[in-house]
Amino acid sequence: MSSDGKKLVRSPSGLRMVPESSAHRSPFCLEEPPWVPDKECPRCMQCDTKFDFITRKHHCRRCGKCYCDKCCSKKVPLPRMCFVDPVRQCAECALMSQKETEFYDRQLKVLMTGATFFVTAEPSEDSETMVCRLSNNHRYLFLDGGNHYEIEVARISSVQILTEGFTPGEKDIHTYTSLLESQYITEGGNTRANGMLLQYKVSGSEDFKQMKFTSCEDVNCNKKLSASWLAAMHKAAKLLYESRDQ
């Protein structure tokens, strides 16, 4: 048992490093799926090849479905299920896991490093400069300035990224990208993230609160870092939505 509140467990799918308590589970994590029973799967669920002594069956560690070796040959990291080593996945699941690797390798670090924003806790119209970062266990957003806020990530209901458009011949256009849309906010291109509207439920209450984050114009603020933080937050919101849906 490690000192950081995690433990090593063995499941049919492989070794996993998980929190000692489920209450400390990252909101981005997915539960291991149940495997389709062998007796219910005489053929590959992708190519319909019949299983026999030569054609063995394998289970995808992400979806739990049953495939032949050809359709389930890739072993890729699966951090959303806390696997220690790369695990066998079908082609579709492997593609999803590979796309998520960038979030775990790069964007989570950006979120935990933090960035500086003007923050307005509505309905107040007063803003204050605050550093916003994701906690090391991914469960809270910490906002520090004159005041201190802790927002539980699992209780965030919507994230809207405010972007600044640079369309030729037009003034800057403010648009919103909601939690459910697939477009990613990236640096460069035609848009740049410059703010965020965050709606969440206060711990112990069902009442909704809203906060507005706006990139600082102060010379001491790093606008590129703020844009990267907002782009990472957008990806985090998508993963949060997907984990609720699975």
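About the thresholds
- Residues numbered from 1 in each chain as written.
- Predicted model: local features only at pLDDT ≥ 70, side-chain atom pairs only at ≥ 80, totals over all residues.
- Heavy atoms only, no water.
- Helix = DSSP H or I, 4+ residues; strand = E, 2+ residues; numbered from the N terminus.
- Expected span 1.5 Å × (residues − 1).
- Buried < 20%, exposed > 50% of the residue type's maximum accessible area, 1.4 Å probe, protein only.
- Salt bridge = Lys/Arg side-chain N within 4 Å of Asp/Glu carboxyl O.
- 1 Å grid on protein atoms, 1.4 Å probe; cavity = no way out; pocket = protein on both sides within 12 Å on 5 of 7 lines; lining within 4 Å.
- Points joined across faces, edges and corners; volume = space filled by probe spheres on them.
- Nonpolar A, V, L, I, M, F, W, Y, C, P; charged D, E, K, R; others polar.
- Core = buried A, V, L, I, M, F, W, Y, C linked by side-chain atoms within 4.5 Å.
- pLDDT = per-residue confidence, 0-100.
- Contact = heavy atoms within 4.5 Å.

Caption draft 1: Representation of helix H1 (residues 91–113) within the structure. The terminal C-alpha atoms of H1 lie 33 Å apart, and with 23 residues this matches the ideal 33 Å at 1.5 Å per residue to within 8%. Taken residue by residue, H1 has Cys93, Ala94, Ser97, Glu100, Thr101, Phe103, Tyr104, Gln107, Leu108 and Leu111 as its buried positions. Residue Gly114 follows H1 closely and has a positive phi angle near 95°.

Caption draft 2: A look at the pattern of salt bridges. Under the definition given, this model contains 7 salt bridges. Here Arg80 makes a salt bridge to Glu100, at a shortest N to O gap of 3.0 Å. Within this pair, whereas Arg80 is found in the loop between strand S5 (74–76) and strand S6 (87–89), its partner Glu100 is found in helix H1, the two being separated by 20 residues in sequence. Among the residues examined, Arg80 registers a relative accessible area of 0% and is labelled buried.

Caption draft 3: The layout of surface pockets, seen in detail. Here the largest pocket is characterised by a volume of approximately 490 Å³. Lys6, Met17, Ser26, Cys82 and His138 are the residues nearest the centre of the largest pocket, which is lined by 20 residues in total. Looking at the lining of the largest pocket residue by residue, the class counts come to 9 nonpolar, 7 polar and 4 charged.

Caption draft 4: Seen up close, the nonpolar core. Of all hydrophobic cores here, the largest spans 32 residues; its most connected members are Phe28, Leu141, Leu143, Ile156, Phe213, Trp229 and Met233. Of all the secondary-structure elements, those providing two or more residues to this core are H1, strand S7 (115–122), strand S8 (127–134), strand S9 (140–144), strand S11 (156–165), strand S13 (191–201), strand S14 (208–215) and helix H2 (223–245). Of the residues forming this core, the biggest block, 8 residues, is contributed by H2. Core analysis: the next-biggest nonpolar cluster, separate from the first, contains 12 residues, Val36, Cys41, Cys60 and Tyr67 among them.

Caption draft 5: Examining empty space enclosed by the protein more closely. In the structure shown here, the tally under the stated rule is 1 cavity of 30 Å³ or more. There is about 50 Å³ of room inside the largest cavity. Along its surface, the largest cavity is lined by Phe28, Leu134, Val153, Ile156, Val159, Met233, Ala236, Ala237 and Leu240. Classifying every residue of the lining of the largest cavity gives 9 nonpolar, no polar and no charged.

Caption draft 6: Region of interest: the confidence of the model for the protein. Looking at the protein, pLDDT values average 82 and 84% of them are 70 or higher. Every residue in residues 166–190 is under pLDDT 50, and counting partners more than four places away or in other chains gives 53 contacts.

Caption draft 7: Here's a closer look at unusual backbone geometry. Here the phi dihedral of Cys82 falls at roughly 65°; this positive angle occurs in a residue that is not glycine. Of note, Cys82 is situated in the loop between S5 and S6. What makes Cys82 buried here is its relative accessible area of 16%. The backbone of His138 shows a phi angle near 70°, a positive value even though the residue is not glycine. Residue placement: His138 occurs in the loop between S8 and S9.

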